[in-house]
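This is what each chain is made of:
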Amino acid sequence: MQPTMGTQQSSLVKEKVTMKKRSLSRWTETVRPYAYIMPALLFFCLFFFFPIGYMIYLSFHDWSLLDLSAMEWVGLANFQEIMLDSDFHLVVINTIIYTFGTVAISLVLSFFLALWLNRQAKIYGIMQAAVFSPHIISLVSVSMLWMWLMDPQYGLLNAILEFFGFPAYTWLADTSSALLSLILVSVWKGVGYNTIVFIAGLQSIPKDIYEAASLDRAGKLRTLAKITLPMLSPTLFFLTIINLISSFQVFDTIYIMTQGGPVNSTNMLVFYIYEQGMDFYNGGIASAASVVLLGLIGVMTFLHFWFAERRVHYR
Amino acid sequence: MRKQKLGVFLGTIGLAAVTGITGCASSNQAAPSEPATTDAGASAEVKQSSNAPVQIDFWYSVGGANGEMIEKLVKEYNESQKNIVVKPAYQGNYYENHTKVLSSVTAGNQPDVTMVEIASVGAFADAKVLEDLGSYAAGSEKKYIEGLMGNSYWEDKLYAIPFNRSTPLLYINRDMLKAAGLDPNGPKTWDEMRSFAEKMTKKDGGKTSVFGYSSPIDIWFYEAMVFQSGGEILSDDGKKLMINSEAGKAPLQYWTDMMKEGTMKAPPGEKYNAWDVASQDFLNQQVAMIFTTTGELKNMREKAKFDVGTAFLPANKSYGTPTGGANLVVLKKSPEEEKKAAFDFISWMTDTAQTTRWSAATGYMPVTNDALEAAEMKAVFDKDPNFKVAVDQLQYGKPRPMVPGYKELQEVIMTEIQKVVLGQSTIDDALKQAETKSEKLLKK
């Protein structure tokens, strides 16, 4: 059973061929995955990375929608202008107050609502649906509704206040109360969704942990602090990010309810960008402010992930 | 794991940024995209056979009953001839429409005819968005009332034809004036209005149930009151804001004094919301006199359960008023054939027969000289003299400032005068602030 010369030779050839095949297949191995993700990658480049890049490009120019042919390179002048503009400072401060106000109130409220509503009886199901319902109404309708509720003269809220003998509140009509009123609307709108997600999170915590805790006679507060909260931290993390980002981009309620007023007290980043770009024809300023918005959201998200790596308990 | 997280991280901020940027534009896209396809179809058809009608798009920005009247007139125009078909589309208020027009021009699917708020004609013409109508009109523009043409020219070229034109008026509740023993024709001067307002203001306990006077804290009424005090908004060359002066301070002093006395209500709400509140308060008889546009006249007459009167805005040193409303323009980017059709439509829309009916149906002013003499218009004036007040007031009318940066400047002025009204700034500081900010804007 000795191999002959011929077969040896043929096996050598075979080896060469397989080697060739192997290097070819190694090459296809490296390329093939990219081919697979190509459609998605193209999609992302076209609709995400290109617009971001183009926006950054535009932010270095003085241009307006009125006359695109008159676009002019101005370097960092747009950024310099908004950084020195006291109105823009106010806009950023308003956005930050609004965002943290909305997220903090909404998350705390929905956490306790979730603890309360996370039960089996039918009435709790109905309550969950009721709390969730604002989430499915369009923000435009919500804004119109609350404008009526908050009308200083004919509104329901002031009618109730006055019925109980309290003085009427100014709501959207005064600089001191308008931003708070917008926070109230967005909390009302967002709390239902957050509650439902919290309830889902609560239900995914294994019961045996609680059983173990109760065997060890851990008190209710202690169970909450040592089991529920840590086990819920991925949910909390997810909701915080989603809420932060969406609050940072508030637009509809401002556009419909206050137009940024009175006296710019509710003017926030996205509305400012819209107003500069579409109403005042300052495309460069609008693009520069968009870059600032991108940066701020980027920093926030980065901090979050950094924090999450240390504190969030994934199972 | 790290890589994946980085990916999620980048994805999140990418998504956030993109929704931030495109969020603004998306609301405008639905409307223009539809006429675009019909546009292309129409011009192709025109080339194939000259008998097919030219289709033109017309975007307008008055809603409600006034908007229905526009639709009705357009329909009549389409039925009156076979060569041109006009497709009207409502695009929100003046400024919403401007935004949509500009984004559609950028995208190349602009309308052929649109309304432009008179103070913005300058910005649009300066940016070469509008067609020079001089050769189309060829002298026919002389038929329009001279006092309404102030916002039609930019650098001596004709760009816009007056259409729904207005002045602010003083609306009075005659029943209340009579009940208080006052002249039912309304006050003639600022001082008279102040004392009228005082006599009609009613207090129930600590609460005011009826205010004598109310006006939206809006640039238009402020402009009027500056004119009445003998002042100007901008210098003649349009390079300098002139309101940091006695005439610029007088309206704010007047308003704040009356608010201190508790006889004036500043309606809450921003921009046109405040106008709605003022009208609603007036209709509900919670305010006896308001400033609003003559374009509300028909609406007020129909809805009020009391005798509505109108009068000139009261005089300080003299009578005075800006004109207002919108003009019709043709977009430069439209094909030649559609531009011709567009001007034909504009001439018809603003001709004596149509402008008379438009005026009678809305309260806006008729725009041609002949219309003022026309029998139909005279019949309307006889039946309800309120319809003539704006036309008569026009002798004291001035165009609105129309330098390209004025839209932003008017927001700056409004913010400053609102600060005064809300008690957050003194009159002197506010006007100084407006002046400082104006320097940059007027340089453009």
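Position numbers for residues count from 1 along each chain, tracking the sequence in the order it is written. Chain A is the first chain written and ligand 1 is the first ligand written, with later ones labelled in order. Given that the model is predicted, a residue must reach a pLDDT of at least 70 before its local features are reported, and side-chain atom pairs must reach 80 or more before they are shown or counted; all residues, however, enter totals for whole chains, interfaces and linings.

Secondary structure summary: chain A contains twelve helices and two strands in total. Labels follow the DSSP assignment, with helices taken as runs of H or I lasting at least four residues and strands as runs of E lasting at least two, numbered in each case from the N terminus. Secondary structure elements of chain A, listed N to C terminal, follow the sequence α-β-β-α-α-α-α-α-α-α-α-α-α-α. Rg of the C-alpha trace for chain A: 29 Å, well past the compact-globule value of 20 Å for 315 residues, more than 25% over. Overall, the C-alpha framework of chain A stretches about 110 × 75 × 30 Å when taken along its three principal axes. Counting across all 315 residues of chain A, residues that qualify as buried make up 31%. With C-beta atoms placed from the backbone, a contact is any residue pair whose C-beta atoms sit within 7 Å. In chain A, the share of contacts with a sequence separation of at least 24, taken over all contacts with a separation of at least 6, comes to 70%. Values of the radius of gyration come from C-alpha atoms, whereas the globule rule sets the reference at 2.2 Å times the count of residues to the power 0.38. Exposure classes come from backbone-placed C-beta atoms, where a residue is buried if 20 or more other C-beta atoms lie within 10 Å of its own, exposed if 12 or fewer do, and partly exposed in between.

Now for the pairing of strand β3 (residues 113-117) of chain B. Residue and element names in this part refer to chain B. Judged by how many residues are buried, β3 sits mostly within the fold: five of five residues are covered. Covered by surrounding structure in β3 are Val-113, Met-115 and Glu-117 together with Thr-114 and Val-116, the residues of both alternating faces. The rule for pairing is simple: two strands pair if DSSP sees at least two bridges between them. Bridging between strand β1 (residues 54-60) and β3 involves two bridges; their strand directions are parallel. Paired with Trp-59 across the two strands is Thr-114, which belongs to β3. For β3 and strand β14 (residues 324-330), the ladder comprises five bridges, and the chain directions are antiparallel. Looking at β14, one finds that Thr-114 is bridged to Val-329.

Residues and elements named next belong to chain B. Per residue, pLDDT measures the predictor's confidence, with a range of 0 to 100. Here chain B shows a mean pLDDT of 87. Residues at 70 or above account for 89%. Between residues 1-49, whose pLDDT stays under 50, and residues either more than four places distant or in other chains, the model counts 64 contacts. This prediction of the complex comes with two scores: 0.82 for pTM and 0.79 for ipTM.

What follows concerns the interface of chain A and chain B. Contacts between the two partners involve 39 residues from chain A, matched on the other side by 32 residues from chain B. Those elements that place two or more of their residues in the side of chain A that touches chain B are α1 (5-58), α9 (220-248), α11 (269-279) and α12 (283-311) of chain A. Taken together, the residues of the side of chain A that touches chain B sort by class into 26 nonpolar, ten polar and three charged. Each residue gets one label: Ala, Val, Leu, Ile, Met, Phe, Trp, Tyr, Cys and Pro are nonpolar, Asp, Glu, Lys and Arg are charged, and the others, such as Gly, are polar.

Right, let's get into the domain arrangement of chain B. Residues and elements named next belong to chain B. Boundary definitions for the domains trace back to an automatic or database domain assignment. Taken domain by domain, chain B comprises domain 1 (28-166 + 325-398) and domain 2 (168-322 + 405-443). Taken over C-alpha atoms, the centre of domain 1 sits 29 Å from the centre of domain 2. Looking at the side of domain 1 that touches domain 2, the elements that each hand over two or more residues are α3 (64-80), β6 (161-166), α14 (352-362), α17 (386-393) and β15 (397-398). It is α17 that contributes the most residues to the side of domain 1 that touches domain 2, five residues altogether. Tallied by class, the residues present in the side of domain 1 that touches domain 2 amount to ten nonpolar, eleven polar and one charged.

Here we take up the packing of helix α3 (residues 86-117) of chain A against α9(A). Two quantities define a packed helix pair, namely the angle between the axes and the distance from one axis to the other. Residues and elements named next belong to chain A. The axes are straight lines fitted to the C-alpha atoms, using for helices just the contacting stretch, and the angles between their N-to-C directions are given from 0 to 180°. Running from amino to carboxyl end, α3 crosses α9 at an angle of 145°, the nearest separation of the two axes being 9 Å. Along this stretch, α3 crosses α9, giving a crossing that reads as right-handed. On α9, the residues touching Thr-95, Tyr-98, Thr-99, Thr-102, Val-103, Ser-106 and Leu-107 of α3 are Leu-239, Thr-240, Asn-243, Leu-244, Ser-247 and Phe-248. A class-by-class count of the residues in the contact of α3 with α9 yields six nonpolar, seven polar and no charged. Definitions for this section: a left-handed crossing has its near helix turned counterclockwise from the far helix by less than a right angle. A right-handed crossing has that turn clockwise.

The subject of this paragraph is the nonpolar core. Nonpolar cores are built from buried Ala, Val, Leu, Ile, Met, Phe, Trp, Tyr and Cys residues. These are joined into a set through C-beta atoms within 7 Å. Ranked by internal contacts, the top residues of the largest apolar core, which has 118 residues, are Ile56(B), Val121(B), Phe124(B), Tyr171(B), Met289(B), Leu328(B) and Phe345(B). For this core, the leading source of residues is helix α9 (residues 219-228) of chain B, giving eight residues. Viewed by domain, this core spans two of them, domain 1 (28-166 + 325-398) and domain 2 (168-322 + 405-443) of chain B, each represented by three or more residues. Ignoring anything within four residues of it in the chain, the contact list for Phe345(B) reads Ile56(B), Tyr77(B), Ile84(B), Val86(B) and Val113(B). Counting residues in hydrophobic clusters, the runner-up holds 49 residues, among them Leu58(A), Leu182(A), Val185(A) and Phe271(A).

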